[in-house]
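# Fold and geometry: a report
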Amino acid sequence: LELLGTTVGIDMEFDTFAGDDARPPDGFPPGTGEIGSSQPSRERQQRIIQEVHARGGEVILSCHTGTPLTVQQTTKLADAMTERGADVVKIILSHTDPEYCAEVWKSTVALRSRLPCPFVLLSIGPGSNLLRHVACHLGSSYMFARPANARHFYPGHATLDQIRLLWDCLPPMEDKI
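What this report covers is the structure whose coordinates are included nearby.

## A short note on the overall build of the protein chain
Scanning the protein chain for helices and strands turns up five helices and six strands. Ordered by position from N to C terminus, the α and β elements of the protein chain give β-β-β-α-β-α-β-α-β-α-α. Within the protein chain, buried positions represent 40% of all 177 residues. Within the protein chain, contacts between residues separated by at least 24 positions form 68% of all contacts whose residues are at least 6 apart in sequence. Accessible area of the protein chain: about 9900 Å², with a carbon and sulfur share of 54%.

This is the structure in structure tokens:
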């Protein structure tokens, strides 16, 4: 956890140590990925998180669900991640219906007023590019972008200049919605 004398943090999947038999907890759709619910895996993960914190580091808990979640499911998941010790909550949803993007916006606003820590909430699917570009404006703590001359990047990541142009057009947001 130390690199050149500097304390660093880790990015840990939420289902670390869950094993092949991991199933989503009650209230989540079948096939939801990276949500570890077994007591032994939770305890092992919490011990590592405590060790990172004891050394002065921070933990990003990441969850790539592989499926859409409702606002209620998303907030339940984020609450579980903060209870487990996350310093930053990172949830990446997936969808096939472009209208689902409205649900992600609602979830982002809900997390903004609810979580005691920074978060990022994104979805992968049709129409998600705008979500990625406006996520920080709605409450996410960070986003993904690329330099204008990047040769390799994830499809849908805007350039930093494109983000600046878009943000110049958006009205300021209040602290809590």
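## A look at the environment of Asp-87
Tracing the backbone shows Asp-87 in the loop between helix H2 (71-83) and strand E5 (88-94). The sequence separation of Asp-87 and His-53 amounts to 34 residues, and the corresponding C-alpha distance is 9.3 Å. Within the structure, the side chain of Asp-87 is placed 2.7 Å from the backbone nitrogen of Val-59, a separation counted as a polar contact.

## What to know about the sheet that holds strand E6 (residues 119-124)
Working definition: the strands of a sheet are paired by backbone hydrogen bonds and lie parallel or antiparallel to each other. Judged by pairing direction, the sheet is parallel, and its four strands sit side by side in the order E3-E4-E5-E6 without closing on themselves. Each end of this open sheet is capped by a strand with a single partner; those strands are strand E3 (10-13) and E6. Sheet twist, expressed as the mean angle between neighbouring strand axes with direction ignored, is 20°. Bridge analysis of strand E4 (residues 59-64) against E5 gives five bridges, and the strand direction is parallel. By the bridge assignment for E5, His-64 is matched with Ile-92. Relative to the sheet, helix H1 (residues 39-54) contacts E3 and E4, its axis offset from that of E3 by approximately 170°.

## What about the packing of H2 against helix H3 (residues 101-114)?
Between H2 and H3, whose axes approach to 9 Å, the crossing angle comes to 40°. In this view, H2 runs oblique relative to H3, as classed from their interaxial angle. Crossing geometry of H2 relative to H3 is assigned as right-handed. Together, Val-71, Thr-74, Thr-75, Ala-78 and Asp-79 of H2 and Glu-103, Lys-106, Ser-107, Ala-110, Leu-111 and Arg-114 of H3 make up the contact between the two elements. Across the contact of H2 with H3, the residue classes tally to four nonpolar, three polar and four charged.

## Regarding H2
Taking 1.5 Å as the rise per residue, H2 with 13 residues should run 18 Å; its terminal C-alpha atoms sit 18 Å apart, in good agreement. Where H2 is concerned, the buried positions are Val-71, Gln-73, Thr-74, Thr-75, Leu-77, Ala-78, Asp-79 and Met-81. Elements in contact with the buried residues of H2: E4, E5, H3 and E6.

## Details of the packing of H3 against helix H4 (residues 128-138)
Remark: H3 packs on H4, axes separated minimally by 11 Å, with the N-to-C direction vectors making an angle of 15°. By the criterion of interaxial angle, the relationship of H3 to H4 is roughly parallel. You can see that H3 and H4 cross each other, and the crossing is right-handed. Taking contact as the criterion, the partners of Cys-101, Val-104, Trp-105, Thr-108, Val-109 and Arg-112 in H3 are, on H4, Ser-128, Leu-130, Leu-131, Ala-135, His-137 and Leu-138.

Basis of the calculations
- Going along each chain's sequence as written, the residues are numbered from 1 onward.
- Per-residue local features of the predicted model are confined to residues with pLDDT of at least 70, and side-chain atom pairs are confined, for both listing and counting, to 80 or more; whole-chain, interface and lining totals are unaffected and use all residues.
- Think of the side-chain values as coming from all heavy atoms in the structure, minus any hydrogens and water.
- Put simply, DSSP H or I for four residues or longer makes a helix, DSSP E for two residues or longer makes a strand, and each gets a number counted from the N terminus.
- Note on classification: 1.4 Å probe, protein chains only; a residue is buried when its accessible area is under 20% of the maximum for its type, exposed when over 50%, partly exposed between these limits.
- It only takes one pair of heavy atoms within 4.5 Å for two residues to be counted as in contact.
- The Shrake-Rupley method, run with a 1.4 Å probe sphere, supplies the accessible areas, and residue values consider only the shown protein chains as cover.
- Polar contact criterion, stated in full: a pair of N or O atoms within 3.5 Å, where within protein one must be able to donate a hydrogen and the other to accept it, and residues adjacent in sequence count only if both atoms are side-chain atoms.
- Note on pairing: DSSP must find at least two bridges between two strands before they are called paired.
- In this description, a line fitted to the C-alpha atoms serves as the axis of each element, helices being fitted only across the stretch in contact, and the angle between N-to-C directions of two axes falls anywhere from 0 to 180 degrees.
- Every angle not falling under 35 degrees, over 145, or within 65 to 115 is termed oblique; those three ranges are roughly parallel, roughly antiparallel and roughly perpendicular.
- By convention the crossing between two helices is left-handed if the near helix lies anticlockwise of the far one by an angle smaller than a right angle, and right-handed if it lies clockwise.
- The classification used treats Ala, Val, Leu, Ile, Met, Phe, Trp, Tyr, Cys and Pro as nonpolar, Asp, Glu, Lys and Arg as charged, and all other residues, Gly among them, as polar.
- Multiply 1.5 Å by the residue count of a helix minus one, and that product is the helix's expected span.

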